[in-house]
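# Observations on the three-dimensional arrangement
So you can see what is in the structure, the chains are spelled out below.
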Amino acid sequence: MVKTSDKIKARIEKSGDRYYANSNISKFIKAGELDKLEKEITEAFRGVLDSLIIDQTNDPNSEGTAHRLAKMYLHETMRGRYYPDPKVTSFPNDEEHRTHPYDQLLVVRAEIKSMCSHHHQPVAGVAYIGIIAANKLIGLSKYTRIAQWCARRGTLQEELANDICREIARATESNNVAVYIQATHGCCENRGIMAHSSLTQTTVLTGAFKTDPNTKKEFFDNIKLQQEFAPR
């Protein structure tokens, strides 16, 4: 019997697309296949736990762990790979629909959780998203939903910043988007160098944020204000 994962991979390869850890492959998954994939992943995790010599029958703490891991990866930690992008309702931002269209800076703070694609360790932090409003406005919560959708997969922080920037630009039709991420990395804190703090910053600037020093300064000044009043 052909495994569900192999069927999905065959569709992706036939299309010429890729299935990297940070790829979204939802369009290649047919109705009902996520349930089948969950069962397949559960069996695979049972094999991993067996190879780690963990008693999944008599150890009450390990009984059912394989299924919990499968659900966690598929529907939580890497949800952004297997589910389509969040539905984002946009509103026109022009003189035809608004007395005073907004064409200035907007900065939104979005808490994110992701996973390092190297060691599958947690990455947790904050993304600050800045845009110069253009043709479309979206709800404030949608910035966070888009950022979290991009983050919920195996990735690197540099790639994540680029992904969020691209998706925000697509949703808002703005050519002026900035993303600043600061996050801690379990791959540095929980293994290897066992760092006390692994706080890492990455920035992606496009349009005026990249070419105009004043716009760039205003973005980072707003971030400082957000950090000053952020919940502790």
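The shown structure was predicted, so the numbers you read here are calculated from the model rather than taken from an experiment. (Residues numbered from 1 in each chain as written. Predicted model: local features only at pLDDT ≥ 70, side-chain atom pairs only at ≥ 80, totals over all residues. Heavy atoms only, no water.)

### Thoughts on the side chain of Thr202
Mapping Thr202 onto the fold places it in strand β7 (residues 200-205). Overall, Thr202 belongs to the buried group, its relative accessible area being 11%. The residues contacting Thr202, other than those within four sequence positions of it, are Gln157, Glu158, Ala161, Val179, Tyr180 and Ile181. (Helix = DSSP H or I, 4+ residues; strand = E, 2+ residues; numbered from the N terminus. Buried < 20%, exposed > 50% of the residue type's maximum accessible area, 1.4 Å probe, protein only. Contact = heavy atoms within 4.5 Å.)

### Quick notes on the nonpolar core
Among the nonpolar cores identified, the biggest contains 27 residues, and Ile164, Ile168 and Ile181 are the most heavily contacted of them. For this core, the secondary structure elements donating two or more residues are β2 (105-116), β3 (122-132), α5 (140-151), α6 (157-172) and β6 (177-185). Other than its neighbours up to four places away in sequence, Ile164 contacts Ala127, Ile129, Ala147, Cys150, Val179 and Ile181. With 17 residues, the next largest nonpolar core counts Ile25, Phe28, Ile29 and Ile41 among its residues. (Core = buried A, V, L, I, M, F, W, Y, C linked by side-chain atoms within 4.5 Å.)

### Details of the environment of Leu105
Take Leu105: it is sitting in strand β2. Leave out the neighbours within four places in its chain, and Leu105 touches Ile131, Ile132, Phe209, Glu218, Phe219 and Asn222.

### Examining the pattern of salt bridges
Using the criterion set out here, one finds eleven salt bridges in the structure. In this structure, Arg166 engages Asp163 in a salt bridge whose closest nitrogen and oxygen atoms are separated by 3.0 Å. Highlighted residues: Arg166 and Asp163, both in helix α6, separated by three residues, approximately one helical turn. Residue Arg166 is classed as partly exposed on the basis of its relative accessible area, which comes to 48%. The salt bridge partner of Glu167 is Arg170, with a shortest N-O separation of 2.7 Å. Placement of the pair is Glu167 and Arg170 together in helix α6, with a separation of three residues, close to one helical turn. For Glu167, a relative accessible area of 10% translates into the label buried. The exposure class assigned to Arg170 is exposed, which follows from its relative accessible area of 52%. Within the structure, one salt-bridge network assembled from shared partners comprises Asp85, Asp163, Arg166, Glu167 and Arg170. (Salt bridge = Lys/Arg side-chain N within 4 Å of Asp/Glu carboxyl O.)

### A word on the environment of Ser23
Mapped onto the elements of the fold, Ser23 is located in the loop between α1 (4-15) and α2 (33-51). Residues Ser23 and Arg81, spaced 58 residues apart in sequence, show a C-alpha to C-alpha distance of 5.9 Å. When neighbours within four sequence positions are excluded, Ser23 is seen to be in contact with Arg18, Arg81 and Arg153. In this structure the side chain of Ser23 is engaged in a polar contact, spanning 2.9 Å, whose partner is the backbone nitrogen of Tyr20. (Polar contact = N/O pair within 3.5 Å; in protein donor to acceptor, adjacent residues only side chain to side chain.)

### Some words on α2
The first and last C-alpha atoms of α2 sit 27 Å apart over 19 residues, in line with the 27 Å expected at 1.5 Å per residue. Within α2 the residues assigned to the buried category are Glu33, Leu34, Leu37, Glu38, Ile41, Thr42, Phe45 and Leu49. Buried residues belonging to α2 abut α1, α3 (65-77) and α4 (79-82). Where α2 ends, the next residue or the one after it, Ile53, has phi of about 60 degrees, a positive value. (Expected span 1.5 Å × (residues − 1).)

### Comments concerning unusual backbone geometry
Of note in the backbone geometry, Ile53 takes a positive phi value of approximately 60 degrees without being a glycine. With respect to the element layout, Ile53 can be found in the loop between α2 and α3. Judged by its relative accessible area of 76%, Ile53 is exposed. At Met194, a position not held by glycine, the phi torsion is positive, near 50 degrees. Along the chain, Met194 turns up in the loop between α7 (186-189) and β7.

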